[in-house]
Amino acid sequence: MTLINVLDERLINKIAAGEVIERPASVVKELVENSIDAGATQIDVTIEDYGKRLIKVTDNGSGMPEEDAKISILRHTTSKIKNDDDLYNINTLGFRGEALASIAAVSHLTISTKTDSTIEGFKIEVEGGKVVGNSAAGVPKGTIIEVRDLFFNTPARLKFMKTDTNELKHIVDIVTRYALINPKVSIRLQHNGHSLVNSPTSEDMLNNISSIYGNDVAKQLLEVKYEDINVYVTGYISKPSLLKSDKSMQSLYVNGRYVKDDTVEKALYDAYHTLLFVDRHPVVILNIRVDPTVIDVNIHPTKEKVKFEQASKIYDSIFNSVRQTLLENSLITDFSSLDSSEQAILEEKKPEKPKAEIRREKGYIYISKENQTFVLPDVQPSEAEMYSAGLLSKSEWKEKKLQKGNAKLPDMRLVGQVMKTFFLAETAEGLLIIDQHVVQERVLYERYMGQYMNKSISHQSLLSPLVVEVPPEDSVFLQANIDQVKSFGFDAEHFGDNSFTLRAVPSIFEKVETKQAFMDLVSELSANKSLSMEMKQEDIITRMACRASIKAGDDVTIPYMEGLLKELDACTLPYTCPHGRPIFIRFTLDDLEKMFRRK
Ligand code: ADP
Ligand code: MG
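All figures in this text were calculated on a predicted structure; none of them were measured in a lab.

Some points on the sheet that holds strand S7 (residues 186-191)
One open sheet holds the eight strands; their spatial order is S5-S4-S3-S6-S2-S1-S7-S8, and the pairing between them is mixed. Edge positions in the open sheet fall to strand S5 (130-137) and strand S8 (194-199), since each of these has one partner strand only. Direction aside, the axes of adjacent strands within the sheet are offset by 10° on average. Bridge analysis of strand S1 (residues 42-48) against strand S2 (residues 54-59) gives six bridges, and the strand direction is antiparallel. Directly across from Glu-48, in S2, lies its bridge partner Leu-54. Running at roughly 10° to S2, helix H2 (residues 24-37) makes contact with S1, S2 and strand S6 (142-148) of the sheet.

Given below as structure tokens:
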């Protein structure tokens, strides 16, 4: 007698379902992916009772011939790959041939489907993996999949589902992700008769994002368009004035597949470095297009992770594309954008948004919606595209890339200081309020950081050397690590016991108590053993820049401020302090006129 049993197909599918179908949202994900793969331009997702009673996905895609529909619910049945080679060259979202079998194993499933080549459709009904009905069906071209009573035969799974609203959140989330990246597909989600997502077909991605996240979000996005050898990065990222308290509005895609990826995420945050306020996160919708043969999409049962052949190249492409976009655009915070940035966006009773009207004229696209019109430059071919198409020579292309450079601050005329804290300036667009402390923080941070990186911190000698006594534990550290302190521009030497002589200090310390600054540096270097040296350095430089800057309450003259602003203009990112607080708030003439009811 053998102890090992060969499991029957239904049990195998039930086990597989445990991996692929974790919750109602997994069903929605698999079905929507199938509809997109089937070339649908209209996908309707209808949910009842948080997905427990019904998940129905209707599409106008290719549909399935009767024979295909019958085998689609078996395990390892797919029309998307045929052989080994195909597995490494996947252009569809699905390929594992597991989803329908898994869903069928743990629910009451009905598939109604019709292709172009038949007059009548076909319907198949399955209960817990067992076919219980086959019949003709009068349905339009496309596929309707109804999943009822999910997990009816896996009580443990049912029990472990989180709260209803949490499950619904996951459903809204996954539908939104696919709606964002498929502007040409109209995607709708309804729960118990309420519309939760309504993304009509759009001409372009920004308009599509606007239909999902609203105009206030869309207005604060910057377009990313980047081309490297065999890597294309396109999409939108938010200005630092539109940050969220979590990462839920970050969607990363690889060849249109929504994925989570640590390398990409790291590159993104590195590129935003110093522009993000603590615990704040940018809105990001980025698609990375690569040759399917250089990624492995078959490393996760729910396909939410991919493996890149060259992760460092992907890191570079994401970092460069995001950084370049941030550098090329003015990132001044608009007053009008401040209140809307934290808006909750996924309220259950979101009203249906009317469709946008799009008009193209003289190089601009006019998008009119809900009595508002916004204007965007009409998409031009990028230089990289022109180069690829042979319209630019290689040297011309390089030249163009160099010319681009950083966005500059607008010309401004200072009109005075307010409360010894802010400066007011007039620009061609309106009024800027400037935080005097933050201006200098950014200037000193970039200057000091630059000098530190080039190992050329400019220092000034003290008229007479200072003797500084440090706590005993710091003294031991300092004697062993005097070079570290020197690299920050302090010329110090051990004098005896716990005393050190200080002969020179970094020039940025015009205004601070040198002794205290030195002692702080030493204690900071010797403490926080868990932090990497790189993080410590940056922390120290940020703190020094803050300490050496003028404060709120300091009297500052207009010429002094003008000098600082000139230096600020030469900075790489003259918009925030190194901790992400804004330097400027802009009131446009339009904002002011509205506030005074002139409009
Ligand atoms: P996979 O997507 O990995 O191929 P699935 O189990 O999700 O596996 O689907 C099995 C097959 O059923 C697909 O390969 C496809 O041929 C067919 N199919 C599933 N859903 C649809 C749909 N909405 N429209 C057309 N064909 C579909
Ligand atoms: Mg599939």
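Regarding the site of ligand 1
What surrounds ligand 1 is a group of 19 residues, the closest being Asn-34, Thr-78, Ser-79, Lys-80 and Gly-97. In the model, an oxygen atom of ligand 1 is placed 2.7 Å from a nitrogen or oxygen of the Lys-80 side chain. Coverage of ligand 1 by the protein amounts to 93% of the 530 Å² it exposes when considered alone. When the residues that make up the shell around ligand 1 are grouped by side-chain class, the tally is five nonpolar, ten polar and four charged.

Topic: the packing of helix H10 (residues 262-271) against helix H11 (residues 311-328)
Where H10 meets H11, the closest approach of the two axes is 8 Å, and the angle between their N-to-C directions is 30°. One finds that H10 runs roughly parallel with respect to H11. Our pair here, H10 against H11, has a crossing hand that is right-handed. Here Thr-263, Val-264, Lys-266, Ala-267, Leu-268, Asp-270 and Ala-271 of H10 come into contact with H11, specifically with Ala-311, Ile-314, Tyr-315, Ile-318, Phe-319, Val-322, Arg-323 and Leu-326. Tallied by class, the residues present in the contact of H10 with H11 amount to eleven nonpolar, one polar and three charged.

Quick word on the packing of helix H16 (residues 472-480) against helix H18 (residues 514-526)
Close contact between H16 and H18 brings their axes to 9 Å; oriented N to C, the two are set at 80°. What the angle tells us is that H16 and H18 run roughly perpendicular. Of the residues in H18, those in contact with Asp-474, Phe-477 and Leu-478 of H16 are Phe-518, Val-522, Ser-523, Leu-525 and Ser-526. Partitioned by chemical class, the residues of the contact of H16 with H18 number five nonpolar, two polar and one charged.

Focus: H18
Along its 13 residues, H18 runs 18 Å from first to last C-alpha, staying within 8% of the 18 Å computed at 1.5 Å per residue. Thr-514, Ala-517, Phe-518, Leu-521, Val-522, Glu-524, Leu-525 and Ser-526 are the residues of H18 that are buried.

A word on the sheet that holds strand S15 (residues 284-290)
Strand order in the open sheet formed by five strands is S9-S10-S15-S12-S13, with mixed pairing between adjacent strands. A single partner strand is all that each edge strand has here, and the edge strands are strand S9 (221-228) and strand S13 (257-259). Adjacent strand axes in the sheet meet at a mean angle of 20° when their direction is disregarded. Two elements, strand S12 (residues 250-254) and S15, share five bridges in a ladder whose sense is parallel. The partner of Ser-251 across the bridge, within S15, is Ile-285. On top of the sheet, helix H7 (residues 164-181) reaches S12, S13 and S15; it is set at about 60° to S12, its chief contact. Helix H8 (residues 205-213) rests against S9, strand S10 (231-238) and S15 of the sheet, and its axis sits at about 40° to S10.

Looking at unusual backbone geometry
Trans peptide bonds make up most of the peptide bonds, and negative phi angles are found at most residues other than glycine. Positive phi outside glycine occurs at His-76, with the angle close to 60°. Looking at the secondary structure, you find His-76 in the loop between helix H3 (66-72) and helix H4 (84-87). With phi around 65°, Phe-151 is a residue other than glycine that occupies positive phi space.

With respect to the confidence of the model for the protein
Overall, the predicted model of the protein reaches an average pLDDT of 87, with 88% of residues at or above 70. Predicted confidence for residues 340-354 stays below pLDDT 50, and this span has 34 contacts to residues more than four positions away or in other chains.

Some details on the pattern of salt bridges
On inspection of all chains with the given rule, the structure shows 31 salt bridges. Residues Arg-53 and Glu-48 are paired through a salt bridge, measuring 3.3 Å at the closest nitrogen-oxygen approach. In this structure, a network of salt bridges that share partners links the residues Lys-29, Glu-30, Glu-33 and Lys-303.

A look at the environment of Arg-148
When you line up the elements, Arg-148 lands in strand S6. Once the C-alpha coordinates of Arg-148 and Glu-127 are considered, the two residues, 21 residues apart in sequence, prove to be 9.5 Å apart. Not counting chain neighbours up to four residues away, the residues in contact with Arg-148 comprise Arg-53, Leu-54, Ser-107 and His-108. Engagement of the side chain of Arg-148 in a polar contact is seen with the side chain of Glu-146, the distance being 2.7 Å.

Basis of the calculations
Residues numbered from 1 in each chain as written. Chains lettered and ligands numbered in written order. Predicted model: local features only at pLDDT ≥ 70, side-chain atom pairs only at ≥ 80, totals over all residues. Heavy atoms only, no water. Pairing = 2+ DSSP bridges. Helix = DSSP H or I, 4+ residues; strand = E, 2+ residues; numbered from the N terminus. Axes fitted to C-alpha atoms, helices over the stretch in contact; angles between N-to-C directions. Contact = heavy atoms within 4.5 Å. Near = heavy atom within 4 Å. Polar contact = N/O pair within 3.5 Å; in protein donor to acceptor, adjacent residues only side chain to side chain. Areas by Shrake-Rupley, 256 points an atom, 1.4 Å probe, with all protein chains shown as cover. Nonpolar A, V, L, I, M, F, W, Y, C, P; charged D, E, K, R; others polar. Parallel < 35°, antiparallel > 145°, perpendicular 65-115°, else oblique. Left-handed = near helix turned anticlockwise from the far one by under 90°. Expected span 1.5 Å × (residues − 1). Buried < 20%, exposed > 50% of the residue type's maximum accessible area, 1.4 Å probe, protein only. pLDDT = per-residue confidence, 0-100. Salt bridge = Lys/Arg side-chain N within 4 Å of Asp/Glu carboxyl O.

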